[in-house]
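Summary of the model geometry
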Amino acid sequence: MQMQDTARKTAADGQVSLRRRFVGAGVAVLLAAAGGALYRHFSSTSSIRVESFMTPPTGGTKRILVLTGSARRGGNSEVLAEAFARGARSAGHTVEVFSCGRTPMRACMHCEGCWSTGKPCVLEDGFEQLWPQLEQADMLVFCSPLYWYAFSGHIKCAIDRMYPYSRKDRLRNMPVQEAVLLMCGESLFPRSFAGAAESYRQMLGFRHWKDRGRLFVTGVHEFGAMAGHRALATAESMGRNA
Ligand SMILES: Cc1cc2nc3c(=O)[nH]c(=O)nc-3n(C[C@H](O)[C@H](O)[C@H](O)COP(=O)(O)O)c2cc1C
């Protein structure tokens, strides 16, 4: 009787240890899968991600104005902008690159003095160099580093100063028909750009600009991080397709 009990206990212990081994193996498989998923997540989001492709070229040669949003000369966003400009010039477009970061301008004061002097704005600052170019551009390219999950203040000030062109009593128009958004940031997550992307999307709707493409480059922070980055080839081809 005692022997039978012992045999039963041994068999039960064997089943428990077998179950433990199965559970252990299951946990190990789950951990490996989770590790793999995390690895794939980080390794893929730390590289470039094109949120939407350029639509097919709309034809003709264009006057393209690229607004850059960093004060760092040769910084990451500027290198990205240059790649786009190179591609666009190679396709025969006329391209101007305007550095909002190094041509400081104030934010709009909402003083309603627009056009009162015949110029779009009464403030005398870097915008005086920008507005003549805005009045010539068929396409606007916003190229900004991500600052606090949004456009940089430099480029945002320039955008705010376009307010006179939205007024009913405007004296002149911006002929802009199309727009492109290029951005880069330190974050490894494309969703970090969601705020700026939505802001851009709303601007397109408001201004009836056609969206010609968006490019978000994650994981670039230090000066020079954009050098040789594969995002440059994408930006250049977006420029060629402009
Ligand atoms: C004021 C400031 C705010 C920033 N905010 C963010 C941010 O919210 N998210 C992010 O990913 N990177 C952020 N960055 C990092 C820049 O986006 C990143 O370094 C970028 O590559 C700089 O581009 P640049 O060389 O053209 O200036 C910030 C940098 C600065 C200076």
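In case you missed it, the structure is sitting above this.
Okay, so let's go over this structure.

About the criteria used
- Every chain's residues receive numbers from 1 upward, in the order its sequence appears when written.
- Given that this is a predicted model, residues contribute local features only at a pLDDT of at least 70 and side-chain atom pairs are listed and counted only at 80 or more, while totals for whole chains, interfaces and linings are drawn from all residues.
- Just so you know, side-chain values use all the structure's heavy atoms and leave hydrogens and water out.
- The helix count covers DSSP runs of H or I at least four residues long, the strand count covers runs of E at least two residues long, and both are numbered beginning at the N terminus.
- Accessible area is worked out with a 1.4 Å probe on protein chains only. A residue is then buried under 20% of its type maximum, exposed over 50%, and partly exposed in between.
- Here, two residues are considered to be in contact whenever any of their heavy atoms come within 4.5 Å of each other.
- A patch consists of residues whose relative accessible area exceeds 30% and which take part in no salt bridge; residues with like charges are grouped when within 9 Å of each other, and nonpolar side chains (Val, Leu, Ile, Met, Phe, Trp, Tyr) when within 5 Å.
- Shrake-Rupley sampling with a 1.4 Å probe provides the accessible areas, and residues are treated as covered by the protein chains on show and by no other component.
- By salt bridge we mean one thing: a side-chain nitrogen of Lys or Arg within 4 Å of a carboxyl oxygen of Asp or Glu.
- Here a helix's expected span is defined as the number of its residues, less one, multiplied by 1.5 Å.

**Let's talk about the side chain of Ser99**
Mapped onto the elements, Ser99 comes out in strand β3 (residues 94–99). Under the relative-accessibility criterion, Ser99 is labelled buried at 12%. For Ser99, the contacting residues outside a window of four places in its chain are Thr68, Ser70 and Glu78.

**Some points on the environment of Leu67**
Inspection of the secondary structure assignment puts Leu67 in strand β2 (residues 63–68). Taking the C-alpha atoms as reference points, Leu67 and Phe98, separated by 31 residues in sequence, lie 5.0 Å from one another.

**Some details on a nonpolar patch on the surface**
A cluster of nonpolar side chains, Val23, Val27 and Leu31, forms an exposed patch at the surface whose accessible area comes to about 280 Å². Among the structural elements, Val23 can be located in helix α1 (residues 2–45).

**A few points about helix α2 (residues 76–90)**
With 15 residues, α2 should cover 21 Å at 1.5 Å per step; its first-to-last C-alpha distance of 21 Å lies within 8% of that length. Residues of α2 that are buried: Asn76, Ser77, Glu78, Leu80, Ala81, Ala83, Phe84, Ala85, Gly87 and Ala88. Packed against the buried residues of α2 are β2, β3, β4 (139–145), β5 (178–184), β6 (210–217) and α6 (231–240). Once α2 ends, the next one or two residues include Gly92, with phi positive near 95°.

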